[in-house]
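Residues per chain, in single letters:
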2 protein chains.
Amino acid sequence: MKTLRFKQALSPDGFRPMAVHVDDKGLITAVEETDAGPWDGAIALPGMVNAHSHCFQRVMCGFAEAAVGERSFWGWRELMYRIARKITPDDQYVIARQAFGEMLAAGFTTVAEFHYLHHEPDGSHSTAMAEAVIGAARDAGIRLALLPVYYERGGFGQPASEAQQRFVHASVDEFAGLLARLGDTVAGIAPHSVRAVDPAVLPDLVAAAREVIGENAVVHMHVAEQRAEVEATGQATGFTPAALIAETCELDPLWSFVHATHVTDHDLRLMLAAGVNTILCPLTEANLGDGLFPAKEFMAAGGRIAIGTDCNARIDAIEELRLMEYAQRLVRERRAVLAGKDGLGALLWAHAARAGAGVLALNAGRIEPGTWADFVVLNDEPPLTGLEPHRALDALVTGGDRHNIAAVYVGGQAIEAAGETAFATTVNRLCTQA
Amino acid sequence: MKTLRFKQALSPDGFRPMAVHVDDKGLITAVEETDAGPWDGAIALPGMVNAHSHCFQRVMCGFAEAAVGERSFWGWRELMYRIARKITPDDQYVIARQAFGEMLAAGFTTVAEFHYLHHEPDGSHSTAMAEAVIGAARDAGIRLALLPVYYERGGFGQPASEAQQRFVHASVDEFAGLLARLGDTVAGIAPHSVRAVDPAVLPDLVAAAREVIGENAVVHMHVAEQRAEVEATGQATGFTPAALIAETCELDPLWSFVHATHVTDHDLRLMLAAGVNTILCPLTEANLGDGLFPAKEFMAAGGRIAIGTDCNARIDAIEELRLMEYAQRLVRERRAVLAGKDGLGALLWAHAARAGAGVLALNAGRIEPGTWADFVVLNDEPPLTGLEPHRALDALVTGGDRHNIAAVYVGGQAIEAAGETAFATTVNRLCTQA
C-alpha cells in the first residue's frame, strides 16, 4: 500500500490535485483531492498505451531511408523481411529490451506487441521468440499485452513466401496451442490482415482465442493500410477489407482495426455501428507513406482512436499525438481539428490513453479506482515552464517531446527507463549487410 | 587561432575525419583530413540556419490550440495580434532570449528574424524593439541576421488595422532610415507580403535596401501561404502573388519566398528560372493548417529550400526536416521522397544548411575555408548509438530530436545554450488574459 500525490493529475473529470492510493498489486484503490504534499510530481497523466508495436523493427532505424529500389511500403517490407529472417531469440531479447526502455522514457507504460516473428531462424517451432519479448518487457519494467499473430499465406491465392515462413502456423489448433503455452501476458490475437489470413478462418480463430484466453480476448488486424491491399481484396472478393471482415465475423468493441487508412465511408459506418476501435500509428504511417485516416469524422461520431509506434523508427508518445493532429491540419487546411474548447493536448492524451487501454481490455488509461497505477509525470522544462495544466498539455503536444517526461510509474512503481548496452552490436550485425 | 577535430565532419564532399582551423574572428581558415585526436566530437554538421523566425510568437506556445472562434490561420492571427500589441521592448528581449537559447539547443546557429514588431506599444517610433532582438541574440550567442519588415496596409485597398499599427512605416524613406540606424546585423529586408505591401513599391524598397545595406542585401517575402491570399491577389490584380512580384521586380537568387505553399506550376517555373529560393517552415505550416509546397519537384529542378521555425511553437531543426519529408510521404503515398542513394538525413541537413546560408548571403552552412565556424556536434544517444555517419543521420532525421545534439559552436566558440528565467512570468502576463 502506498500513496502518490500529484499537484495536478489528469482524471476523468479534468485536472485535480490528487492523492492516489495504490495497493501491493499496483492497482489504484482510491483517489482523493488533496492540498497537502509532499508532491510526487506537478502534472501527472495516465500512462500512455502503445497499442501497436513490432518491437524488432526498432533495429532498422536509419537503415531504410535511402532511395534505392522501390520507394514504397512494399520495398520497405522486402528490406524488413531480410533483416527479420536473421533475428535469433537472443537478438529479439536485446532489441525488445532496448525498444521497451525507450518506450518507457517516451511516455508509454504499456505496450501491445503484434508478434509475428514466431519461429526460430532455422524454422523450428518453439516459444523462444515470444519468451524473449516477455522477458524483455519484464526486465524493462513495461506492462506487456502480447498479441500473437495468426498468419497463413502471402496474399489472396498465394502461399506464404520463404521470407514469411517464420510467421506461419499450420492450423488454428496449432496456434491455439501456442496461446495456451504463452500464458497470461496474452491479451488477445492478431489475425495479420485479410491478405495473410483467409477471412473464412476468422470465426474459428476468435472462438479459439476466447476459449483459451477468456471472454475479454481482443482481436487486432491490420486493415487497409495501403491502397494495393484494398485493390487486391476488391479483386479477390468484391469487398473492402473492413467489409470482408464484417461479412465473416460478428464485430464488437473487442475488435480493433490497425491503420484503417483507406477505409470508405461505408467501412467507417460499419466500424462505428459495431464499436470497432481504430489504432493509428502516425509516425509510422508517415514514414511508410501510407496516407491519412479520417480521424475527425471517426472521433466526432464517437469512435475511439488508440496510438501505436508500429515500426519504432521514432518512439515518442507526444510526437505521435502531434502528428495525428498536424497531418489532419495539413490535409484539411484547418487548425484545431481534433481540439476541444479546453484545448488539444489534454483531450488527445486522455482519449488515446483510454482508447489504448480499451483496445486491450485493460483496466488502465485513466486515473481512477480499479485501474492500474500507471502514470506519466511531466517536468517543468520548456515549453511547459510555468504553464497551468491545460496550457502545459497544449504546449507539450505542439512543442514538447519525450524529454518533457520526468518519471513514469507502472503499477505504482517508478521505473528507471534504460536501454540495452548490447543493442548497437546487434544493429550492426543484422542491418549493415542487409 | 584554434583547431577543432571531428571524427566525422559533414563536408561538401561527404563525411571526413577532419581538423578545422579557425581564426580569431571565427572564420574557418583551413580544413584537413586527420586521423589524430583528441576529438571535439564524433559527428559534426554545419550549423543549421533558421531562415524564418518571428521570435516573439514563442510566447504563444500552448495558448493557441483550443477550438474557439474560427479554426483557421486567420483566427490564429487575431489572437497573435492581441498578444503582439502588448509586447514591450523588455518583453521582446526576454522572449527573444528564451527563443534564441532554445534554437541553439535545437541545432540552429544562425537565426533570420523577420522582424515586424517595430514600434513601441504606445505607437512611438524608436529602435528599442529591434535593439531588444539584437541584444538577446548577442547574449544568447546565436548569429543574427535581422530582416526588418516593410508593412503598409491591411490588404488590397485596405488601410492597416489598429492591431497592425506597430508594423507600419509611412514611407520607404522612413524605412531606409531605420535600416541605416540598425547597422550591420541587418542582412536584408522583408516586404511582408503582397497583401501588406503594394508591389509597385517593391523596386524602390529593394533599391533603398541595396544602397543602405549593400549589394548582397537579401529580400524575403511571405508568398501564397494561405489560399485566401492567393484568391484576394487574383481578384485585385489578376496575378498570383509570385507572378505579381515577378511583374514588378527583377528577381534573382537574393530573393526568397517564404512558404510558397499554394504556388502554381507557372510560379514554380518562374522561381526556378530566376533562382528564387523557398523557405519552408514545416512545423508551423502544419500547425497553421497552411498546406503543402511541392518540395520534390522544386528540389529536383535545382531549387534551394531553407527551413525556418516561424511561429516557434516547437523549436527543433531535426523535426523540421523530418516533417518536411514525412508530409510529402503522407500526401504522395510514397517513401524516400527527398532522399538520395546515400540516404535522407545527410542530404537534407546539408541542403537546408547551405540553402539557409544562401538565403541570407552568409558565408556559412558548409564546412570549408572562408565560412563561419558554426557547427552542430551530435551525441551517441539512441537512436544514433553505434551507427556510421550516414545511417546515424538517417536515424537522426527519422528517429531523433534536439536532444541528440551534444554541442553547438558559433564562430568557433562552444555555446552554452540557456533559456531566460524571466520567460514564464512574461508568458503568463501576456497570454493568460489574451
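The structure we're discussing is the one just above.
Rules behind the numbers
- Residues numbered from 1 in each chain as written.
- Chains lettered and ligands numbered in written order.
- Predicted model: local features only at pLDDT ≥ 70, side-chain atom pairs only at ≥ 80, totals over all residues.
- Heavy atoms only, no water.
- Pairing = 2+ DSSP bridges.
- Helix = DSSP H or I, 4+ residues; strand = E, 2+ residues; numbered from the N terminus.
- Axes fitted to C-alpha atoms, helices over the stretch in contact; angles between N-to-C directions.
- Contact = heavy atoms within 4.5 Å.
- Buried < 20%, exposed > 50% of the residue type's maximum accessible area, 1.4 Å probe, protein only.
- Polar contact = N/O pair within 3.5 Å; in protein donor to acceptor, adjacent residues only side chain to side chain.
- Salt bridge = Lys/Arg side-chain N within 4 Å of Asp/Glu carboxyl O.
- Least-squares fit on C-alpha atoms with pLDDT ≥ 70 in both.
- Phe/Tyr/Trp six-rings, centres within 6.5 Å; stacked < 30°, edge-to-face > 60°.
- Lys NZ or Arg CZ within 6 Å of the ring centre and 35° of its normal.

### Here's the deal with the sheet that holds strand β2 (residues 14–22) of chain B
All names here are of chain B. Reading across from one edge, β3-β2-β1-β4-β15-β16-β17 is the order of the 7 strands in this open sheet, with mixed pairing throughout. Whereas interior strands pair on both sides, the edge strands pair on one side only; in this sheet they are β3 (28–33) and β17 (413–415). Along the sheet, successive strands turn relative to each other by an average axial angle of 40 degrees, direction set aside. Along the sheet, helix α12 (residues 345–358) makes contact with β1 (2–11), β2, β4 (41–46) and β15 (375–378), crossing β4 at roughly 45 degrees.

### Re the side chain of Asn 277 of chain B
All names here are of chain B. Among the structural elements, Asn 277 can be located in strand β13 (residues 277–280). For Asn 277, a relative accessible area of 2% translates into the label buried. Among the polar contacts listed, one links the side chain of Asn 277 to the backbone oxygen of Trp 255, at a separation of 3.0 Å. When near neighbours in sequence (up to four residues on either side) are disregarded, Asn 277 contacts Pro 253, Trp 255, Ser 256, Phe 257, Met 271, Arg 304 and Val 359.

### What to know about the pattern of salt bridges
Evaluation of the coordinates by the stated rule reveals 42 salt bridges over all chains. A salt bridge links Glu 319 of chain A to Arg 314 of chain A; the shortest N-O distance between them is 2.5 Å. The salt bridge partner of Arg 58 of chain B is Glu 102 of chain B, with a shortest N-O separation of 2.9 Å. Here the residue Arg 58 of chain B occupies a position in the loop between β5 (48–53) and α1 (73–84), and Glu 102 of chain B occupies one in helix α2 (residues 89–105), the gap between them amounting to 44 residues. Take Arg 58 of chain B and Glu 102 of chain B: they sit in the same class, and that class is buried. One salt-bridge network, in which partners are shared between bridges, spans Arg 314, Asp 316, Glu 319 and Arg 402 of chain A together with Arg 322 and Asp 401 of chain B.

### As for the relation of the copies chain A and chain B
When chain A is fitted onto chain B, the two copies agree to an RMSD of 0.0 Å after a turn of 180 degrees and an axial shift of 0.0 Å. The superposition of one copy onto the other is thereby described by a two-fold rotation axis. Counting the interface residues of chain A, we find that 100% of their copies in chain B are interface residues as well, pointing to one common contact surface.

### Focus: the packing of aromatic side chains
All names here are of chain A. This model, assessed by the stated rule, comprises 22 aromatic pairs over all chains. Aromatic side chains Tyr 151 and Phe 167 sit 5.1 Å apart centroid to centroid with 75 degrees between the ring planes, which places their arrangement in the edge-to-face category. Here Phe 167 lies in the loop between β9 (158–159) and α4 (172–182) and Tyr 151 lies in the loop between β7 (143–150) and β8 (153–155), a separation of 16 residues in the sequence. Joined through ring pairs, the aromatic side chains of Phe 56, Tyr 81, Tyr 116, Tyr 151 and Phe 167 make up one cluster. Between the NZ or CZ atom of Arg 143 and the centre of the ring of Trp 372, over which it lies, the distance is 4.1 Å.

Geometric values such as these leave the question of function open.
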